[in-house]
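Architecture at a glance
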Amino acid sequence: MDLATLIGLLLAVILVIGGIVVGGEPGAFVNFPSLLVTVGGTFGATIMANPMERIRGVGKVLRRAFFAESPDLIGLVQTLVSFAEKARREGLLALEDDTSELDDQFLRKSIQLVVDGTDPELVKGILDTEIGLLEDRHAAGKQMFDTMAELAPAFGMLGTLIGLIQMLRNLSDPDALGPGMAVALITTFYGSFLANVICIPVSRKLAVRSAEEVLSRELMVEGVLAIQAGENPRIVEEKLKVFLPPQLRDVLDEEKNRDGKGEER
Amino acid sequence: MDLATLIGLLLAVILVIGGIVVGGEPGAFVNFPSLLVTVGGTFGATIMANPMERIRGVGKVLRRAFFAESPDLIGLVQTLVSFAEKARREGLLALEDDTSELDDQFLRKSIQLVVDGTDPELVKGILDTEIGLLEDRHAAGKQMFDTMAELAPAFGMLGTLIGLIQMLRNLSDPDALGPGMAVALITTFYGSFLANVICIPVSRKLAVRSAEEVLSRELMVEGVLAIQAGENPRIVEEKLKVFLPPQLRDVLDEEKNRDGKGEER
Amino acid sequence: MDLATLIGLLLAVILVIGGIVVGGEPGAFVNFPSLLVTVGGTFGATIMANPMERIRGVGKVLRRAFFAESPDLIGLVQTLVSFAEKARREGLLALEDDTSELDDQFLRKSIQLVVDGTDPELVKGILDTEIGLLEDRHAAGKQMFDTMAELAPAFGMLGTLIGLIQMLRNLSDPDALGPGMAVALITTFYGSFLANVICIPVSRKLAVRSAEEVLSRELMVEGVLAIQAGENPRIVEEKLKVFLPPQLRDVLDEEKNRDGKGEER
Amino acid sequence: MDLATLIGLLLAVILVIGGIVVGGEPGAFVNFPSLLVTVGGTFGATIMANPMERIRGVGKVLRRAFFAESPDLIGLVQTLVSFAEKARREGLLALEDDTSELDDQFLRKSIQLVVDGTDPELVKGILDTEIGLLEDRHAAGKQMFDTMAELAPAFGMLGTLIGLIQMLRNLSDPDALGPGMAVALITTFYGSFLANVICIPVSRKLAVRSAEEVLSRELMVEGVLAIQAGENPRIVEEKLKVFLPPQLRDVLDEEKNRDGKGEER
Amino acid sequence: MDLATLIGLLLAVILVIGGIVVGGEPGAFVNFPSLLVTVGGTFGATIMANPMERIRGVGKVLRRAFFAESPDLIGLVQTLVSFAEKARREGLLALEDDTSELDDQFLRKSIQLVVDGTDPELVKGILDTEIGLLEDRHAAGKQMFDTMAELAPAFGMLGTLIGLIQMLRNLSDPDALGPGMAVALITTFYGSFLANVICIPVSRKLAVRSAEEVLSRELMVEGVLAIQAGENPRIVEEKLKVFLPPQLRDVLDEEKNRDGKGEER
């Protein structure tokens, strides 16, 4: 589990709250009506901007941002190369048993299509469409947080404008000027906090997760098509290694050598 | 009917107005000349930026943002698979009767083209152009709200500048300073409200609706072309299921199993 | 003639000026040196950013934004379908006489190429390049107004900075503070007015006009190529109808029915 | 030589400086430390953002923005059409003598490739790559000014923040408040001036120049390939005329008619 | 080693700090809590937005921005042309010995694929995918600095809002107003400094480095494929020279002439 999202969030929140506490009077930063206008208003506009079932799925999207693991690309290459070897030795049908053990639904379906003898063009067409639509769904989840990141500062400013207008109409008591303005600014603070401490980083992380998942699926498609074409397992490995960043390629080679030695012993 | 747009709008409006009422003097936020400059000016500039018939169609665009239903993708897959089965059993001409019962004009036209024996390349060309131009028309509707979202804060600022300049020339009465500035800020409030509470969420929702409709039409094209090519209904279903998000695929499988069991009984 | 640009401009200008007059002292908003810095400076920088002959063509571009008519797509479809019928009956050469009667230079040239027996690939290549470069020229005209829309507020702010700096150096007379600041803000007002009331809406309208013209030319290319290929006039009409928005298709069908009935009488 | 860049710059600079002089005390706008922070800081960050040799080439880029001529498209069409005629009459090798007289290196190289009997696919590949990389180099030059246009206002604000912080710590002397703030604002003025009066217009002009040059090279490639394919000079002219804007086509036709008449005399 | 990044950074930092020192009281610009909120908060949010292993690789990314050398394109062209000559004379297998001497892993792998007799389509596929994924990894490194450049000013503003709100609640002591506001503004200064003096220039430099490296790899692919196709070394050189900017082509020709003369002596 990649904890960067959680650690980063805690770090940012603690430092901002620390900055508040150091200055004294943290209670001044809690204002329920301001919270309603800024955060509630932002949520309202975000609900407006999205279909209901997408709003309901926000928890799942957040979970992906906070807890999703990076796909195990090395394991994936090893699995696909071993499938390529098996298919070469025993034929494509021999892969049928292995599919049931696969955790990943996309990979399971890909192998199943190949085992079923589907036309390679059609396999590629189906899987590419699937990846494209996965990207669209990821983008839709990310877009919710982008909308919030755009609207939160705007609702913060709306709240501040309301506060300013009310304050400016009652300048008779100059002592109330400062606190009135302080209250007015709290909505701007809330809006900026919601956007920059939560929504923008979450949106960026979702983009990273989506790119990782799409890459792993593209690796699967490349591998499955090569297996279907009956390519040499060595070539399959060469093709799939391209998808790994350089450091992972070294890890893969090391593991292979270790296995090789292990076998020799 | 997807009520998210309406619910979200009500939530955002109520919270912002609530924030005004809590602070007292809601009457201070109603200023007719400010409304004319900001909202009227924004409308004027938006009329400038668009051809007349597009301005006239704004009601239809708003209705789509507020009341359009998400297309029933599951029903669509079932319809197309049943057509594929019928076409296989009884030939393409047998579909002619079914087209008249279809609500969707695009699907009706697509099937009609196939029944008429139009060349597959030509069918694909016509339908793809149709979808591309549909997207363009959707984008044109959305663009009206984008223009308003861009111009409303600018007209709000224009109004505030006018108010400020007038106020600054008459500083002799310091008691008028606050209220004068309050009035000047109201146009900024109006502009920001129009942009962030209405135009931006509506524009985002229109984008979602457009993407949904385009996806459903792409599903239709994929299905109709597969039917024309005489493909196996099982393959047709496989191809079309790709267009469904994972949760809908499960629903489709469940319904199929239930139907299957129902038949067995 | 589409009057939306003019009507919208008048509406926006009248409302903004109305907002000024209601507040009293409209004379305070006329300041010649401020006008020179903001509007003149913006023009200077826009001249810098463009080649001379493009600056000279700005009148033509403005005329397109204000007075250009939407192309008559229905008439175009009817013309092309009638050409397709004639070409089928009497051969492509028979179209030569009709070309001289065509107002549209692009259509005339397209038909001429076909009549001259030019290779279809070459016809398509020449016409596609022509449309692409037309889009580029339209974009260049639009870009002038985009540049002005970007620079006008910046020059407005430059003027306000100049005014502020001069005012701040002479704070000895507090009575001059307000009016000094009022004058400083006038340039910001001018810059924002020029950008948001004129340049942005004009730029958006130019984009709409360009898209309309490009669409009508793409319709012509589709039609001319179909005619050259000797396609069935019914198919040609089917292909071209795709370019019409749904409401225009109904109009086309109505006119056709009326003509049909007329003939029957 | 297109003087628009120079004329526009002078106009903008004179109007802004005029605005300063009219307000009196132009000396207040000259502040050496402010200049160092804003302009020097912007240059430093721009050097950071670019490789050394690109920084060294900035003079060449500026010269292109200020003094480059628009390519003579008409002359180019005439040259290429005359080459097409010669090649038809005397063979491709006959063009060898003409290449040495060509000023343009790209055209010379293109003709040379054709004379050398290089494979047409390869000629097209080499020339297209060349144009693509030319665009990249142009974009790199433009990007320097874009970076400066982005950073100059930021460094201006940094300077103003420095001035404000220093001023606010010494509020004991209220008479120093105004002038202190005036000095603080001068860096914002410098940053905005550098960005909007110089960098943005130069960047836009560079984009125009790049598009013009790329267009003229695309015209050359089209012409050279047509010559290599031995196409009819009339067709070559038809193909190349497409690259001219409508008004230049008329000029070309006029010149041709005049030449024709001249020959007849 | 390209020192522009270091020199530019020093220049910008010295000028900004100089601007601070000239104004007196540089100590006022050091404030530890402000630093924690702005820089620490920005780091926290950036950690949130990225997977852990990418955060760990930030040092490597920074090193590339500061110390990476531009690839030696001339040497590369010479190497590939010499390989082309050798392959023509002695066959592709003769290149095997040379690969071990190559520093560049990508080039070594490319040649190895060719020597192994891999199918040309496959070589191109593998190398293109490799370049595409290299670009993605570069973009991911750059994106970290883009995120920081976006968030740093936002966290600066958050800190300033905190300071302002605290100050406005305690207006009883007017003497504390100025210094309180000064402290509040320091976070804005930090945020703007971090974004504009460090993150934006680093991000831009990373983009330049990435483009250079991608170009050099595209040159390698072009060369290796030409070698595999057994093309004439003169043609190979012609093809590869296209990738050099004009000044480097002259250098290449000079070196060649010098070598030629050297040989003649």
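Residues numbered from 1 in each chain as written. Chains lettered and ligands numbered in written order. Predicted model: local features only at pLDDT ≥ 70, side-chain atom pairs only at ≥ 80, totals over all residues. Heavy atoms only, no water.

1. Considering the relation of the copies chain E and chain A
These two copies of the chain differ by a rotation about an axis and a displacement along the same axis. We apply this condition: Only residues with pLDDT of at least 70 in both copies contribute their C-alpha atoms to the least-squares superposition of the copies.
When chain E is brought onto chain A, the operation consists of a screw motion whose angular component is 72° and whose axial shift is 0.0 Å, with 0.0 Å RMSD remaining. Classification of the inter-copy transformation places it as that of a five-fold axis. Across chain E, the smallest distance between a C-alpha and the rotation axis is recorded for Pro174(E), namely 11 Å.

2. Quick word on helix 4 (residues 58–67) of chain B
Note the cut-off: Relative accessibility thresholds used throughout: buried, under 20% of the residue-type maximum; exposed, over 50%; partly exposed, between the two (1.4 Å probe, protein chains only). Note on conventions: DSSP H or I runs of at least 4 residues are helices, E runs of at least 2 residues are strands, and numbering of each starts at the N terminus. Think of the arc as the fan of directions from the helix axis to the C-beta atoms. By definition in these notes, contact holds between two residues if any of their heavy atoms fall within 4.5 Å.
Residues of helix 4 of chain B that are buried: Val61(B), Ala65(B) and Phe66(B). Looking straight down helix 4 of chain B, one finds that the buried residues subtend no more than 130° of arc, so they occupy a single side. Seen from the buried face of helix 4 of chain B, the exposed residues on the opposite side, beyond 90 degrees, are Lys60(B) and Arg63(B). Where helix 4 of chain B is buried, its residues contact helix 2 (32–48) of chain A together with helix 1 (4–22), helix 8 (120–169) and helix 9 (177–228) of chain B.

3. Thoughts on the interface of chain E and chain A
Counted only if it meets this: Buried surface area refers to the total accessible area, computed with a probe of radius 1.4 Å, that the two partners give up upon joining, counted for both partners together. Put simply, a salt bridge is a Lys or Arg side-chain nitrogen that is within 4 Å of an Asp or Glu carboxyl oxygen. Side-chain atoms alone can form a polar contact between residues adjacent in sequence; in general such a contact is a pair of N or O atoms within 3.5 Å, and within protein one must be able to donate a hydrogen while the other accepts it.
Contact residues are listed per partner, giving 40 residues for chain E and 50 residues for chain A. With both chains or domains summed, chain E and chain A bury close to 3900 Å², and 72% of this area falls on carbon and sulfur atoms. Considering only the side of chain E, the residues that lose the most area to chain A are Met48(E), Ile165(E) and Arg169(E), jointly responsible for 18% of the buried surface there. Where chain E touches chain A, the interface holds two salt bridges. For Arg204(A), the salt bridge identified is with Glu150(E), shortest N-O distance 2.2 Å. Counting across the interface, chain E meets chain A through five residue pairs in polar contact (both at pLDDT 80 or more). When residues of the side of chain E that touches chain A are traced back to their parent elements, those giving at least two are helix 2 (32–48), helix 3 (52–56), helix 7 (105–115) and helix 8 (120–168) of chain E.

4. A look at the arrangement of the chains
Here chain A and chain D are not in contact; the least distance found between their C-alpha atoms is 17 Å. What separates chain B from chain D at the closest point of their C-alpha atoms is a distance of 17 Å, and the two make no contact.

5. A look at the environment of Thr147(C)
Mapped onto the fold, Thr147(C) is located in helix 8 (residues 120–168). Residue classification places Thr147(C) among the buried positions, given a relative accessible area of 0%. Distance in space between the C-alpha atoms of Thr147(C) and Ile198(C) is 12 Å, their sequence separation being 51 residues. If sequence neighbours within four positions are ignored, Thr147(C) has contacts with Thr46(C), Ala49(C) and Arg204(D).

6. Points about the packing of helix 2 (residues 32–48) of chain D against helix 8 (residues 120–168) of chain D
All names here are of chain D. Under the convention used in this document: Working convention: axes come from line fits to C-alpha atoms, limited for helices to the stretch in contact. Angles between N-to-C directions cover 0 to 180 degrees. Our angle categories are set so that under 35 degrees counts as roughly parallel, over 145 as roughly antiparallel, 65 to 115 as roughly perpendicular, and the remainder as oblique. A clockwise turn of the near helix away from the far one marks a right-handed crossing, whereas an anticlockwise turn of less than a right angle marks a left-handed crossing.
Running from amino to carboxyl end, helix 2 crosses helix 8 at an angle of 135°, the nearest separation of the two axes being 8 Å. Classified by the angle between their axes, helix 2 and helix 8 sit oblique to one another. In this structure, helix 2 crosses over helix 8, and the sense of that crossing is right-handed. Where helix 2 approaches helix 8, its residues Val 37, Thr 38, Gly 41, Thr 42, Phe 43, Ala 45 and Thr 46 are matched on the opposing element by Met 144, Thr 147, Met 148, Leu 151, Ala 152, Phe 155, Gly 156 and Gly 159.

7. A closer look at the interface of chain C and chain B
Counting residues at the interface gives 50 residues for chain C, matched by 40 residues for chain B. Taking both partners together, chain C and chain B bury about 3900 Å²; carbon and sulfur atoms supply 73% of that area. The largest per-residue losses of area from chain C upon contact with chain B belong to Leu15(C), Arg204(C) and Val242(C), which jointly make up 15% of the total buried on that side. Between chain C and chain B we count two salt bridges in total. In this structure, Arg249(C) engages Glu130(B) in a salt bridge whose closest nitrogen and oxygen atoms are separated by 2.5 Å. Taken together, the elements giving at least two residues each to the side of chain C that touches chain B come down to helix 1 (4–22), helix 9 (177–228), helix 10 (233–241) and helix 11 (246–264) of chain C. With 21 residues, helix 9 of chain C is the largest single contributor of residues to the side of chain C that touches chain B.

8. A look at the environment of Asn50(D)
Within the fold, Asn50(D) resides in the loop between helix 2 and helix 3 (52–56). Considering only alpha carbons, one finds Asn50(D) and Thr147(D), 97 residues apart in sequence, at a separation of 9.6 Å. Aside from chain neighbours lying at most four places away, what touches Asn50(D) is Ile55(D), Gln143(D), Met144(D), Asp2(E), Ala4(E) and Lys205(E). A polar atom in the side chain of Asn50(D) sits 2.9 Å from the backbone oxygen of Thr46(D).

Purely geometric stuff here, so don't read any function into it on its own.
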